[in-house]
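Listed below, chain by chain, are the residues.
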Amino acid sequence: MAQVQTNGHPRRGYSGSQILLHWLIAALVLFQLIFGESMGEAMEEAAEGKLVSAAEQFMAEAHYWVGIAILALVALRVLLMARRGAPAPLGHGWSVIAARIVHGIFYLLLVAVPATGLLAIYVSEDFGEIHEIGKPLFIAFIVIHALGALAHHFLFRDNTLKRMLVPGA
Ligand code: HEM
Ligand code: HEM
């Protein structure tokens, strides 16, 4: 069973707030990936002087604020991890290295994608092109990550998926 040593106190698994943040951020990222194109379309229509429909305007506002919420929730998640720690990935050798790499890439994307979105609005539209590369990258790593979680559950039969569902497991 994974144990985390923080301030001298051994802790197991993830806390309820770490689990809540994981699934909340995952749901918000999926929302951004599914509905992100409205933002691009609204920006394009506005730049061409066309009228942006109320529905599109709403979806563009939603993209903006959901993106900012993701950034704030990720900051909270990193703070919690710094205070409480996080359990080491279960398994051996390459699978632990692969999990650490994928988790690291997620943290990088979770900061870089909203940051380039903000830069696209406030600094230069050129950042929009970098921002859009986030879409295929996120999709690829979500597929790898979810398949990894399912493999841990059904093939390796360890606690990996359970501990992202049950606090302290
Ligand atoms: C994790 C957070 C985010 C994700 C996953 C995300 C994802 C996306 C996606 C999938 C698109 C459409 C790409 C396409 O049409 O191929 C998009 C476009 C866009 N997003 Fe985000 N976004 C996020 C956060 C933000 C934030 C915080 C802002 C700004 C405050 C933002 C501003 C934009 C802009 C301006 C576009 C249009 C870019 C263009 O057409 O050049 N995004 N985003
Ligand atoms: C946008 C979607 C997702 C993102 C950004 C994401 C991100 C992350 C990150 C960064 C971690 C590392 C936790 C930490 O130490 O802080 C993690 C752990 C985990 N995620 Fe996700 N995740 C997503 C979707 C999913 C999905 C769909 C599943 C299940 C099918 C899943 C299952 C897990 C599990 C089981 C762990 C725990 C791994 C361990 O304890 O070693 N995640 N996720």
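How each quantity is defined
- Residues numbered from 1 in each chain as written.
- Chains lettered and ligands numbered in written order.
- Predicted model: local features only at pLDDT ≥ 70, side-chain atom pairs only at ≥ 80, totals over all residues.
- Heavy atoms only, no water.
- Helix = DSSP H or I, 4+ residues; strand = E, 2+ residues; numbered from the N terminus.
- Buried < 20%, exposed > 50% of the residue type's maximum accessible area, 1.4 Å probe, protein only.
- Contact = heavy atoms within 4.5 Å.
- Areas by Shrake-Rupley, 256 points an atom, 1.4 Å probe, with all protein chains shown as cover.
- Near = heavy atom within 4 Å.
- Polar contact = N/O pair within 3.5 Å; in protein donor to acceptor, adjacent residues only side chain to side chain.
- 1 Å grid on protein atoms, 1.4 Å probe; cavity = no way out; pocket = protein on both sides within 12 Å on 5 of 7 lines; lining within 4 Å.
- Sits in = over half its atoms within 2 Å of the grid points.
- Nonpolar A, V, L, I, M, F, W, Y, C, P; charged D, E, K, R; others polar.
- Donors = N, O, S within 2.8 Å, 3.2 Å for Na, K, Ca; no water.
- Tetrahedral: all angles 85-135°; square planar, octahedral: opposite > 155°, others 65-115°.
- UniProt positions renumbered as here; feature names shortened; annotations may be inferred.

Okay, the overall build of the protein next. What the protein contains, in helices and strands, is six helices and two strands. Mapped from its N terminus to its C terminus, the protein presents α and β elements in the order β-β-α-α-α-α-α-α. The principal-axis extents of the C-alpha atoms in the protein amount to approximately 60 × 35 × 25 Å. When the 169 residues of the protein are sorted by exposure, 36% land in the buried category. Within the protein, contacts between residues separated by at least 24 positions form 75% of all contacts whose residues are at least 6 apart in sequence. About 10,600 Å² of surface is accessible on the protein, with carbon and sulfur atoms providing 70% of the total.

The environment of ligand 2 is formed by 20 residues, the closest being Tyr14, His22, Tyr107, His145 and Arg163. Here a nitrogen atom of ligand 2 sits 2.8 Å away from a polar atom, N or O, in the side chain of His22. Judged by the fraction of its atoms near the pocket grid, ligand 2 is located in the largest pocket. If you list the elements that add at least two residues to the shell around ligand 2, you get helix 1 (16-35), helix 3 (54-84), helix 4 (93-122), helix 5 (126-154) and helix 6 (160-163). Of the residues that constitute the shell around ligand 2, the class distribution is 14 nonpolar, four polar and two charged.

Below, the discussion takes up the coordination of the iron atom of ligand 2. At 2.0 Å from the iron atom of ligand 2 lie its protein donor atoms, namely His22 (NE2) and His145 (NE2). With six donor atoms in place around the iron atom of ligand 2 and angles of 85 to 179° between them, the coordination shape is octahedral. Here His22, found in helix 1, pairs with His145, found in helix 5; they are 123 residues apart in sequence, far enough to count as distant. With relative accessibility at 26%, the residue His145 sits in the partly exposed group.

In this section: the site of ligand 1. If you check the shell around ligand 1, you find 21 residues, and the closest are Glu37, Met39, His63, His131 and Glu132. Within the side chain of Glu132, a nitrogen or oxygen atom sits 3.1 Å from an oxygen atom of ligand 1. Taking a 2 Å distance to the grid points as the criterion, the majority of the atoms of ligand 1 fall inside the second largest pocket. Of all the secondary structure elements, the ones that give two or more residues to the shell around ligand 1 are helix 1, helix 2 (37-47), helix 3, helix 4 and helix 5. Tallied by class, residues from the shell around ligand 1 come to 10 nonpolar, eight polar and three charged.

Bringing the UniProt feature "transmembrane region" (unreviewed entry) in the protein into the picture now. Cross-referencing UniProt, the feature "transmembrane region" (unreviewed entry) maps to residues 19-35, 62-80, 101-124 and 136-156 in the present numbering. Secondary structure across residues 19-35 comprises 100% helix and 0% strand; the distance between its end C-alpha atoms is 25 Å. End C-alpha atoms of residues 62-80 are separated by 26 Å, and the span's content is 100% helix alongside 0% strand.

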